[in-house]
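Overview (structure and organization)
If you want the building blocks of each chain, they are given just below.
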Amino acid sequence: MSRRPLSADRRGLLESVFQEDGSYLADHLQGGLPAISLVSHSALMTAYSNDVAADMVFAQQVYGLAKPDDVLMAISTSGNSGNVIRAVQVAHALGVPTIGLTGNGGGRLADLCTVIIRVPWDRTPDIQERHLPIYHTLCMMVEQEFFDDQKGLAEVEISEGEGYV
C-alpha cells in the first residue's frame, strides 16, 4: 500500500480536537476515497432479490447511493449480465459515468458504458484472468491521481470510447 498522509488541514483538525492523541491519529490514518462494492451487501441482495427483482439489486443500490461525481465500474465477462446492465442504465440516467470491463464482444455494455474496456478473449476464465491486472491498474491510477504528487508510475491514458487492452 502506498503511503497517503493526511492533509495539513485534517492533521490540524485531529490535533486541535484531541491534543493528546491527535498526532497519533494523524500519523496512523491514511487518505482515502469512498468506494462501495455492490456485491458486499448480502442482506440487501437476498431481500431485494426475493421481494422485488433479482436483476434490479445493483440498480437499486446505484439509485440510492450514486452521486454525480461518482463513477460506476461494471464488470461482466459477456457484457450481457442483466443485473449489471440495469445498474449501468440507472447510472446513465443519473448522469454517473460508467466504465465497463468485458470480454471480446462487449455485449450490451459496449453500447451503454461511457468507457468500455474489452479484453480480446472469449472464454470466461481467460477473460477474468485478464480483468485482474486491468482493474488493479485502474485502482493504482486512481490512487496516484488523488494521492501521489510524483505521479508517473502508471501514466496510462484511457480515453473515452471503445478499445482493446
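Refer to the structure presented above.
These lines cover the structure that appears in this document, whether it is placed above or below. (Residues numbered from 1 in each chain as written. Predicted model: local features only at pLDDT ≥ 70, side-chain atom pairs only at ≥ 80, totals over all residues. Heavy atoms only, no water.)

1. Re the overall build of the chain
Applied cut-off: Helix and strand assignments follow DSSP, with helices taken as H or I runs no shorter than four residues and strands as E runs no shorter than two, numbered in order from the N terminus. Buried, partly exposed and exposed residues are distinguished by accessible area as a fraction of the type maximum, computed with a 1.4 Å probe on protein chains only: under 20%, between the cut-offs, and over 50%, respectively. Contacts: residue pairs with any heavy atoms within 4.5 Å of one another.
A tally of regular secondary structure across the chain gives seven helices and four strands. Within the chain, the proportion of its 165 residues that are buried is 27%. Taking all contacts inside the chain whose residues are at least 6 apart in sequence as the whole, residues at least 24 apart take part in 56%.

2. Focus: helix 4 (residues 57–65)
Helical periodicity: at 3.6 residues per turn, an α-helix aligns residues three or four positions apart in one direction. Taken together, the buried positions of helix 4 are occupied by Val-57, Phe-58, Ala-59, Gln-61 and Val-62. Those residues of helix 4 hidden inside the fold are in contact with helix 3 (42–51), strand 1 (72–75) and helix 5 (82–94).

3. Digging into the pattern of salt bridges
Definition in use: Salt bridges are defined as contacts in which a side-chain nitrogen from Lys or Arg sits within 4 Å of a carboxyl oxygen from Asp or Glu.
Inspection of the entire model under this criterion finds six salt bridges. When the shortest N-O distance is used, the salt bridge between Arg-86 and Asp-55 registers 3.4 Å. Residue Arg-86 is located in helix 5, and its partner Asp-55 is located in the loop between helix 3 and helix 4; the two are separated by 31 residues in the primary sequence. Residue classification places Arg-86 among the partly exposed residues on the basis of a relative accessible area of 31%. Its salt-bridge partner being Arg-123, residue Asp-126 comes within 3.1 Å of it at the nearest N-O pair.

4. A closer look at the packing of aromatic side chains
Heads up, the rule is: Note on ring pairs: Phe, Tyr and Trp rings are taken, using the six-membered ring of Trp, and paired if centres are within 6.5 Å. Classes follow the plane angle, with under 30 degrees stacked, over 60 edge-to-face and the rest tilted. Working rule: Lys NZ or Arg CZ, within 6 Å of ring centre, within 35 degrees of ring normal, means a charge sits over the ring.
Going through the model one piece at a time under the given rule, you end up with zero aromatic pairs. Between the NZ or CZ atom of Arg-4 and the centre of the ring of Phe-147, over which it lies, the distance is 5.3 Å. Above the plane of the ring of Trp-121 lies Arg-130, whose end atom (NZ or CZ) is 3.9 Å from the centre.

5. Some thoughts on a nonpolar patch on the surface
Cut-off, in case you're wondering: Patch membership is restricted to residues that have no salt bridge and whose relative accessible area is over 30%. Joining uses 9 Å for like charges and 5 Å for the nonpolar side chains Val, Leu, Ile, Met, Phe, Trp and Tyr. Only the protein chains shown count as cover for residues, and the accessible areas themselves come from Shrake-Rupley with a 1.4 Å probe.
A surface patch of nonpolar side chains, amounting to about 560 Å² of accessible area, comprises Leu-13, Val-17, Phe-18, Tyr-24, Leu-25 and Leu-29. Relative to the elements of secondary structure, Leu-13 occurs in helix 1 (residues 8–17).

6. Some details on the pairing of strand 2 (residues 98–102)
Short version of the rule: DSSP bridges decide pairing: two strands pair if at least two such bridges lie between them. The handedness rule is simple: strands pointing away from the viewer, and a clockwise path from the first strand over the helix to the second, make the crossover right-handed.
Counting buried residues along strand 2, four of its five residues qualify, which places the element largely inside the surrounding structure. The sheet contact formed by strand 1 and strand 2 spans four bridges and is parallel. Of the residues in strand 2, the one forming a bridge with Ile-75 is Leu-101. As a crossover connection, the stretch from strand 1 through helix 5 into strand 2 is right-handed.

Functional significance is not addressed by these values, which are geometric in nature.
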